[in-house]
Structure formats: C-alpha cells, structure tokens
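Inside the fold
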Amino acid sequence: MRNTFQRAGERLKEIDKRLRESPPHMFHPGWLLSRGMGADLPDGTLLEQRRNEVVDLIVRASSCSATDVRQWYPRAVARWAALTQDATRFARGVVCTAGRLRVGSSADNALETGIALHHTYGMPYLPGSVLKGCALAWARASGLETAYVDALFGREPDHEDVPIGEAGCVVFHDGWWIPTSASPKPALVREVVTSHHFDYYSGRSQEPTDCDDPIPVAQLAAAGAFYLVIEGERAWAEAALRVLRAALATLGLGARGAAGYGLFVTDESARDCKAAHTSLNELVGRYQRARSVAARATMTPHQRAEAYLRDLSPETLVRKLARDRAALQQKFGLTGAELREVALKVIHPDRLQDWKTVSRQKDKLIYKAYRFLTQSGEEDALDD
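Every value quoted in this text rests on a predicted model; they were computed, and no experiment measured them. (Residues numbered from 1 in each chain as written. Predicted model: local features only at pLDDT ≥ 70, side-chain atom pairs only at ≥ 80, totals over all residues. Heavy atoms only, no water.)

Focus on the confidence of the model for the chain
Which entries qualify depends on this criterion: Each residue carries a pLDDT value, the predictor's own confidence for that position, ranging from 0 to 100. Any two residues having at least one pair of non-hydrogen atoms within 4.5 Å are treated as being in contact.
Mean pLDDT for the chain: 80, with 78% of residues reaching 70 or above. Contacts of residues 65-69 to residues separated by more than four positions or lying in other chains number 14 contacts, the stretch itself having pLDDT below 50.

Structure follows, in structure tokens:
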C-alpha cells in the first residue's frame, strides 16, 4: 500500500512539473480543469495562487482559432457542419454571446469552478438538453398552444392520457463553439467572484461586517459564437429553431442570468454572427476539399476518370470525347475501350439517344463523340 501511495505521489509531481514547463496548447482544457492542481503545493505557494495559475492555463489552452496550428477542433466543427448541411433534415443557425456565459458551473472539480466542456475536444459547448429546456421554458411562458408545445418537446408521463410519455418530433443537438479566423480569441475567459463575508457564510461569524477580508476566487466563463442544429421534419425543425432563438435572446442560458450572463445575439445579420458564418463556411469548404483530395488519392483510374467526367459541362464532355480523347486516355492511363465504358456510366441514356440523330454536318463534335461511344468511329477523334 505504501508503494502505491509513493507512485501516486511521484505521478502527481510529474504532472506538476509538466504544468509548469510545457506550453499551454499541449494541454486539454478539460484535463486541466479536473487534474490541473497537480501535486502538493510547493513551499510558499498559496492555494489561491495555484488556482489562478491553472485557470490562466485553461484559458490559454482554449485558444483554438481557425488559423491555429492545432487543427483538431476546427476539423471536428467542419465535419459536424458538413454532416448537417441537408436542409430537409436539419435547421441550422449561428448565435453569439452578448456577454459571457456560464453553463455547467455547478459541476464538481478540483478547481471548484465548473464549465461545460466537450469531453473529447475540451472546448465549451451548449448541451442539447439545456437548449431544449430553455426553448421549452420560453414556449410555455409565451403562451404557445399546448398542442404545439407537446409536439415539439414531447409530453411527460402521467397516469391518465400519457402513461409512458411521448418524445418530441425534433432533436436538439449540442451547440458547438465556432473558431473565427477574423478575430481569434480564446473560447474561455477568466473571471473573479469575490466573497466579501467568508466568515459569515461559513458560520464562524454572527453577522457580516465592513471589516471582513474579501476573498477573490478565480472562475471560468465562455464567450463567442455557437453553431446550433435541430433535426427533424423541416417545418417543425425550423419552428423549433425560431423558438430557441427567441429563448436565447430573452431568457438566456446558464448561471447568473440576473447579472446579464447567458444572453445571446441571434440576429444573423449582426457583425459577429456574420463573421462566425464566414469562418464556418471556410472551415466546411476546406474540410470538403481535403476529403475530395483524399478520396481521389485512393481511387482507381476508372473512378478518377468517372469523377472527372461527371464534373464537366455537357459541351466540354462532348469536346473531350470527340477531339481530346487521346489526351484524356493518357491523363488517366486508360485504353479507348476503358474510357468508353467509363463515359457510358456518366452520360444519361436519353442524352445518348438525342445524339444518335445528330449528323456530321449539323454538329461534328457530337457526331464523333457518339460514334466513339457506340464503337463505330474509333479513329474519328484523330482527324479534325
């Protein structure tokens, strides 16, 4: 047992050393939040001093803009945004914090300051359950008809009409923090909450006085733009998103709402929301281009030729098959028969049937392309 405690102590000292020597971007903010206090404090180091050091590390570790060398989180956001582009399945939107946000502040951790962080990426996020609860509260407070509220959010089980409960017709997904390249800032910000009457609150004094010593305590809050996604049938999902926008702009999320925390700017024409939209679109475009390059790298010559031909306009496709066929074969390393096989997969049969009636005098290129595809003119593309 003694050896176990010794090894644990050595491990904590190693963590403490890494915290002091390694750059902030090497750490996961969630790991710092739960393990950042490390080993026993060195002589002369106060607990609050160490807490401040770790909070500062967490803030710097959360700096993950679109231009950051660490592209793991921007790629994850881009992947999620690309997967939710189908407007028939998803209602999407971007909102920005009007000030600061404290969601998950009641969670237990070593620093005694909680914040909702994504378990994989360590960045702040808006839990889908919290978004749904906020929207439901606004829907009930605004007097929305009960039938609509039940359809969107479901019904709790009771002993009469709904014995086992009913689910709503939409799904509220987590809101992802958006890294913006226009104004790269950390996702988390440092705050201080000061207890002015510690002895009174802890029961060691009968009443608070002006002579009490204030004790500042470092805290964490989130700020920035978030990408919202609601999944469901299009009309219902869009209705739920409108309700959620109204709720975020009026009720807000998280703790300290009375002090103005947790409110959002939901107008997508606002400057910060437009900048977030631009950054999100850039990330999605970059992600899709990278996937396309990776996919083409693993394609066979036939697959690459097929993808290339599908991207061509009808006029360009005719010219390639009629006049530039030799260069096309060389480009992909295909024989004439293989190129013909690939082209027939791309060209719709109805279009091919239309080409059948075109004479050489009417359109020489279509005539040659058709003869090549029907194996009746192997050499037609070689003469002008």
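Comments concerning the pairing of strand 4 (residues 175-178)
Applied cut-off: Throughout this description, buried means an accessible area under 20% of the type-specific maximum (1.4 Å probe, protein chains only), exposed means over 50%, and partly exposed covers the range between. Helix and strand definitions follow DSSP, with helices as H or I runs of at least four residues and strands as E runs of at least two, each counted in order from the N terminus. For two strands to count as paired, DSSP must find a minimum of two bridges between them.
In strand 4, alternate side chains face the same way, and those of Gly175 and Trp177 on one face and Trp176 and Ile178 on the other are all buried. In this sheet, strand 4 lies alongside strand 2 (residues 125-126) in antiparallel orientation, the contact comprising 2 bridges. Of the residues in strand 4, the one forming a bridge with leucine 126 is glycine 175.

As for the nonpolar core
To be explicit about the condition: The term nonpolar core refers to a set of buried residues drawn from Ala, Val, Leu, Ile, Met, Phe, Trp, Tyr and Cys, joined through side-chain atoms within 4.5 Å.
With 64 residues, the main nonpolar core has Phe153, Phe172, Leu248 and Leu253 as its most contacted residues. Take this core: its biggest share by element is 7 residues, from helix 8 (residues 234-250). The residues contacting phenylalanine 172, other than those within four sequence positions of it, are Gly128, Leu131, Lys132, Ala135, Phe153, Val229, Ile230, Ala240 and Leu244. Listed in part, the 22 residues of the second largest apolar core include Leu312, Leu321, Leu328 and Leu334.

Quick word on the side chain of glutamine 219
Convention followed: Definition of a polar contact: a pair of N or O atoms within 3.5 Å, with one able to donate and the other able to accept a hydrogen when the atoms are protein atoms, and with sequence-neighbouring residues admitted only if both atoms are side-chain atoms.
Turning to its location among the elements, glutamine 219 is positioned in strand 6 (residues 215-222). There is a polar contact of 2.7 Å between the side chain of glutamine 219 and the side chain of arginine 102.

Thoughts on helix 6 (residues 146-153)
Our working rule: Regarding the arc, it is the one traced by the directions from the helix axis to the C-beta atoms.
What helix 6 keeps buried is the set Val149, Leu152 and Phe153. Buried residues of helix 6, viewed axially, fall in a sector of 75°; they line one side. Looking at the residues trailing helix 6, positive phi occurs at glycine 154, about 85°.

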